Amino acid sequence: MALSGLDIYKLLPKTNCRECGFVTCLAFAMQLAKKAVSIDKCPYLSKESKETLNAQAQPPIKMVTIGTGDEKLEIGNESVLFRHEEKFHRPCGIGFILEDSLPETKLKENIARINGLNFERIGQQLSVNLIAIKYSNKDKFINAVKTIIANTKLGVVLVCDDPAVLKSALEIAKERRPLIFGANKNNLAQISGLAKEYNLPLVVSAGDLSEAAELTKQLNSQGLTDLIIEIVNKPVASRLWDLTQIRRQALKKSNRSLGYPLLVAIDQPDQFEEVMEAATYIAKYASIVLLKGIENWQALALLTLRQNIYTDPQKPLQIEPKIYPIGAANNKSPVLITTNFSLSYYTVLSEVEASKVPAYIVSVDTEGMSVLTAWAAEKFTPEKIGDSLDKFGLKDLVSHKKLIIPGYVAMLSGELEDKTGCEIIVGPKEAAGIPSFLKNL
Ligand code: SF4
């Protein structure tokens, strides 16, 4: 049975030292009871308390691993309904369904395109995770599995509900820890037998929540726990309702039979609607979405959304605070001031690069806050900016005394001029204005 906040409090040191980030041990205990924090935040727990709390802290949603090595995908292990309560832990896997009927050359071409769906955004490398191969014919399926294994390092999903064919495919793919996607109430015994024999994760498909709970209980009784739930094809609103209810049941009702990651395979011929549907499920609460379209714009849209949702809301993406030379910057180049919030920096960077004017960008440490937020929080002040310029050694890089500040903080001009002795030039409010601003400077 789950421990209450008071039960947990009795296990804590009760010194109210605040090192966990909470003002009292009781406040920390209440958050632990809600599974909104990790016990690791308290460094003073006794061994016994740690063991008891660790057992209590087991994630209400099972973590499942697909694939091996650097490309392995870990999903599940979520602990909150809303990211602002803590954060979402394991980004939704994005994969693509290929038909085994594709000619060999077309199959290889599509695999290469999927392998190439990598993008850099605000300093992070974003990439897709899975290739799913769908069974229609034994020989074609087996050949396609061989081709995929030979041509990608991404995780592999075997979409097949025929136990005999699946067994042959597993003999080829087993070292890659593929995901088996094909179990339902009609073939549960045979397919689950293969999952157990090869010790592989398994998707169980059900028509509704109660059927899903019943099937996972049956699988648990066979010792299978690396499970993923699929609620079979439904209109978007109904499926979204199902996904939300499953997450609520797992987190709020401690319903262990629904405490598994969720998979959605999208069957939508229109590519725009396919992306919108996938985006809906990435937001709530799919751990894997599989789609058919492999266009760059589709993957970029979904990867960007995923990056935004799975960023820790309490830790904005930050870059190292320092001076960044852009292009062939020299001692006459303009100096632009911004914050170390990744999105601010990379937005300014792309516009400076677009201007083709060599320049310096000074990223001031604002603990990852954007310009106006940092100004309001007094993290982007004339003192802070002046101290940063001294620390980074700006005067050794340029021979002029001019600084360009963002238009939104024009009010800093006077004090910043006093603090630095530099002429302050107010730049555009929006980064999009930077290229013309720099060219006319
Ligand atoms: Fe209490 Fe531990 Fe938090 Fe200190 S770190 S306040 S001892 S829970």
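Scroll up for the structure.
Here is what the cut-offs are and how they apply
Residues numbered from 1 in each chain as written. Predicted model: local features only at pLDDT ≥ 70, side-chain atom pairs only at ≥ 80, totals over all residues. Heavy atoms only, no water. Buried < 20%, exposed > 50% of the residue type's maximum accessible area, 1.4 Å probe, protein only. Helix = DSSP H or I, 4+ residues; strand = E, 2+ residues; numbered from the N terminus. Pairing = 2+ DSSP bridges. Right-handed = clockwise from strand over helix to strand, strands pointing away. Contact = heavy atoms within 4.5 Å. Axes fitted to C-alpha atoms, helices over the stretch in contact; angles between N-to-C directions. Near = heavy atom within 4 Å. 1 Å grid on protein atoms, 1.4 Å probe; cavity = no way out; pocket = protein on both sides within 12 Å on 5 of 7 lines; lining within 4 Å. Sits in = over half its atoms within 2 Å of the grid points. Nonpolar A, V, L, I, M, F, W, Y, C, P; charged D, E, K, R; others polar. Phe/Tyr/Trp six-rings, centres within 6.5 Å; stacked < 30°, edge-to-face > 60°. Patch = residues over 30% accessible without salt bridge, like charges linked within 9 Å, V, L, I, M, F, W, Y side chains within 5 Å. Areas by Shrake-Rupley, 256 points an atom, 1.4 Å probe, with all protein chains shown as cover. Salt bridge = Lys/Arg side-chain N within 4 Å of Asp/Glu carboxyl O. Lys, Arg positive; Asp, Glu negative; His and termini not counted. Charge placed at Lys NZ, Arg CZ, Asp CG, Glu CD. Points joined across faces, edges and corners; volume = space filled by probe spheres on them. Expected span 1.5 Å × (residues − 1). Parallel < 35°, antiparallel > 145°, perpendicular 65-115°, else oblique. Left-handed = near helix turned anticlockwise from the far one by under 90°.

Draft legend 1. Layout of the pairing of strand β8 (residues 179–183). A large share of β8 lies buried, amounting to five of its five residues. Relative to β8, strand β7 (residues 155–159) runs parallel, the two being bridged by three bridges. Within the sheet, the bridge partner assigned to L158 lies in β8 and is I180. Each parallel crossover has a hand, and the one from β7 via helix α6 (residues 163–173) to β8 is right-handed. Note that β8 and strand β9 (residues 202–206) share three bridges and pair parallel. Its bridge partner lying in β9, F181 is registered against V203.

Draft legend 2. Structural view of the environment of K35. Assignment of secondary structure puts K35 in the loop between α2 (25–33) and α3 (47–56). Remark: the alpha-carbon pair of K35 and T105, spanning 70 residues in sequence, is separated by 50 Å. With residues up to four places along the chain from it excluded, the contact list for K35 reads Q56, Q58, P60, S79 and E86.

Draft legend 3. Summary view of the sheet that holds β8. Spatial strand order, β10-β9-β8-β7-β6-β3-β12-β11: eight strands in an open sheet with parallel pairing. Strand pairing shows two members of the sheet lacking a second neighbour, β10 (227–231) and β11 (263–265), which therefore form its edges. Here the average twist between neighbouring strands, direction ignored, is 25°. Bridge count between β9 and β10: five bridges; the pairing is parallel. Following the sheet pairing, A206 is matched in β10 by I231.

Draft legend 4. Region of the structure containing the site of the ligand. With respect to spatial proximity, the complete set of residues near the ligand consists of P13, T15, N16, C17, R18, E19, C20, C25, F28, C42 and P43. Among the cavities detected, the one that contains the ligand is the largest cavity. Looking at the shell around the ligand, its residues break down into seven nonpolar, two polar and two charged.

Draft legend 5. Molecular detail of the packing of aromatic side chains. This structure, assessed with the given rule, holds seven aromatic pairs. Here F88 and Y285 contribute two aromatic rings whose centre-to-centre distance is 6.4 Å and whose plane-to-plane angle is 70°, an arrangement assigned as edge-to-face. In this pair, F88 sits in the loop between β2 (73–75) and β3 (93–99) while Y285 sits in the loop between α10 (271–283) and β12 (288–291), placing the two residues 197 residues apart along the sequence. For F88, a relative accessible area of 6% corresponds to the buried category.

Draft legend 6. Structural context of a negative patch on the surface. Taken together, E383, E415, E417, D418 and E423 make up a surface patch of like negative charges. Top element by residues in the negative patch is helix α15 (residues 413–420). It accounts for three residues. Mapped onto the elements, E383 comes out in helix α14 (residues 382–392).

Draft legend 7. Summary view of the layout of surface pockets. Within this model, the largest pocket holds a volume of roughly 600 Å³. Lining the largest pocket we find 28 residues, and of these A36, V37, S38, E86 and H89 sit closest to its centre. Mapped onto the lining of the largest pocket, the elements with two or more residues apiece are α2 and α3. Here the lining of the largest pocket gets three residues from one element, more than from any other, and that element is α3.

Draft legend 8. Fine view of helix α9 (residues 236–252). Relative to the 24 Å expected for 17 residues at 1.5 Å per residue, α9 spans 23 Å between its end C-alpha atoms, a close match to the ideal helical length. Residues of α9 that are buried include every one of R239, D242, L243, T244, I246, R247, A250 and L251, and no others. Close packing links the buried residues of α9 with α8 (209–221), β10, β11 and α10. Two residues or fewer past α9, S254 is found with a positive phi of approximately 50°.

Draft legend 9. Local environment of the packing of α10 against helix α11 (residues 296–309). Where α10 meets α11, the axes come as close as 10 Å, and the angle between the chain directions of the two elements is 15°. The angle between α10 and α11 falls in the class roughly parallel. In terms of crossing hand, the pair formed by α10 and α11 is right-handed. Every residue of α11 that contacts α10 at Q271, F272, E274, V275, A278, A279, I282 and A283 is listed here: W297, Q298, A301, L302, L305, R306 and I309. Here the contact of α10 with α11 is composed, by residue class, of eleven nonpolar, two polar and two charged.

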